[in-house]
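# Summary of structural features
Spelled out, the chains give:
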Amino acid sequence: MKTVLITGGATGLGKELAKLYAKDYNVILAGRNQQKLTEAQHELGDNVYTMSVDITQYEEVGKSVEKLLMQHSVDILINNAGIGHFGPLTDYTKQAIDEVIDTNVKGTIFLTQALMPHLLTRPAPKVMNIISTAGLRGKANESVYVASKFGVRGFTESLKVEYQDTNLHVIAAYMGGMNTPFWDHNNHIKDKSRLRSASEIAEIIYKQQNDSEDILF
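This report concerns the structure included in the present document. (Residues numbered from 1 in each chain as written. Predicted model: local features only at pLDDT ≥ 70, side-chain atom pairs only at ≥ 80, totals over all residues. Heavy atoms only, no water.)

### Remarks on the pairing of strand β1 (residues 3-7)
Within β1, 5 of the 5 residues are buried, which leaves it mostly tucked inside the rest of the structure. The sheet contact formed by β1 and strand β2 (residues 26-31) spans 5 bridges and is parallel. Bridge pairing links Ile 6 to Leu 29 in β2. Regarding topology, helix α1 (residues 12-21) serves as the crossover connection from β1 to the parallel β2, and that connection is right-handed. (Buried < 20%, exposed > 50% of the residue type's maximum accessible area, 1.4 Å probe, protein only. Helix = DSSP H or I, 4+ residues; strand = E, 2+ residues; numbered from the N terminus. Pairing = 2+ DSSP bridges. Right-handed = clockwise from strand over helix to strand, strands pointing away.)

In structure tokens, the structure reads:
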């Protein structure tokens, strides 16, 4: 059975993706909160495992991946973890800027880099980056978040070119807003009920995961 590693896998879209993948794959949920990871693991099944890691910490990522690969192989990496701070550019603190860039951009790069040598040994490896429509166009009061997602988009496009002569499949998912805990700590979205559910988004991504083109909806 193949194995998929999903960052931000304990809640929201990551957890909904894990539910779908757990039907046919071993699933590794990665995140910082071990309690939430364990709760999701118990809910999802016996073929679900956890990896506690702060993806913003370069050395920790390397050590965590090294430890993980002693017990598991990984065929698919889904970079789903992300955070957002919103508001006028002049209101951002340095801490807020760092948190968004460190998690969304550096975290994606760190984990992908650490896993890449192993992924390239697998028969049909895949890297899927969850980007959102913030990686397609600018949005008011989202400048730093959008910048981070454009960064991940550029990283994704570059991986496609860099590994085009290998068996690695690189794909991005660009979707609109979802009703998930992502919005719980800000008031940027006034009415979350108008957003699609995470389960609906996960279904679309799962069904289109093997497409040659990026997933856009």
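Having seen it, we continue.
### Observations regarding the layout of surface pockets
In this model, the second largest pocket occupies a volume close to 190 Å³. If you go around the second largest pocket, the residues you meet are Tyr 49, Thr 50, Met 51, Ser 64, Lys 67, Leu 68, Gln 71 and His 72. Breaking the lining of the second largest pocket down by element, the ones donating at least two residues are β3 (48-52) and α3 (58-68). Grouping the constituent residues of the lining of the second largest pocket by class yields 3 nonpolar, 4 polar and 1 charged. (1 Å grid on protein atoms, 1.4 Å probe; cavity = no way out; pocket = protein on both sides within 12 Å on 5 of 7 lines; lining within 4 Å. Points joined across faces, edges and corners; volume = space filled by probe spheres on them. Nonpolar A, V, L, I, M, F, W, Y, C, P; charged D, E, K, R; others polar.)

### Structural notes on the side chain of Ser 132
When you line up the elements, Ser 132 lands in the loop between β5 (126-130) and α5 (143-162). Contact partners of Ser 132, with chain neighbours within four places excluded, come to Tyr 145, Lys 149, Ala 173, Tyr 174 and Met 175. (Contact = heavy atoms within 4.5 Å.)

### Here's the deal with the pattern of salt bridges
If you walk through the whole model with that rule in mind, you get 9 salt bridges. Between Glu 43 and Lys 15 there is a salt bridge, with the nearest N and O atoms lying 2.7 Å from each other. On the criterion of sequence distance, the pair formed by Glu 43 in helix α2 (residues 34-44) and Lys 15 in helix α1 is long-range, its members being 28 residues apart. The buried category is assigned to Lys 15, whose relative accessible area is 18%. Arg 196 is paired through a salt bridge with Glu 200; the nearest N and O atoms lie 3.8 Å apart. The class for Arg 196 is partly exposed, based on a relative accessible area of 35%. Under the relative-accessibility criterion, Glu 200 is labelled partly exposed at 37%. (Salt bridge = Lys/Arg side-chain N within 4 Å of Asp/Glu carboxyl O.)

### Considerations on the nonpolar core
By size, the foremost hydrophobic cluster in this structure holds 29 residues, and its most contacted members are Tyr 21, Val 27, Ile 78 and Ile 205. Each residue touching Ile 78, except ones within four places of it in the same chain, is listed here: Val 4, Leu 5, Ile 6, Thr 7, Leu 17, Tyr 21, Met 128 and Ile 130. In this structure, Val 61, Val 65, Val 74 and Leu 159 belong to the second largest nonpolar core, which totals 23 residues. (Core = buried A, V, L, I, M, F, W, Y, C linked by side-chain atoms within 4.5 Å.)

### Focus on the packing of α1 against helix α6 (residues 198-208)
At a minimum axis distance of 8 Å, the contact between α1 and α6 shows a crossing angle of 50 degrees. The angle between the axes of α1 and α6 places the two elements in the oblique class. Crossing of α1 over α6 shows right-handed handedness. Within the contact between the two elements, α1 uses Gly 12, Leu 13, Glu 16, Leu 17, Leu 20 and Tyr 21 and α6 uses Ala 198, Ser 199, Ile 201, Ala 202, Glu 203, Ile 205 and Tyr 206. Here the contact of α1 with α6 is built from residues that sort into 9 nonpolar, 2 polar and 2 charged. (Axes fitted to C-alpha atoms, helices over the stretch in contact; angles between N-to-C directions. Parallel < 35°, antiparallel > 145°, perpendicular 65-115°, else oblique. Left-handed = near helix turned anticlockwise from the far one by under 90°.)

Function cannot be inferred from these measures alone, as they are strictly geometric.
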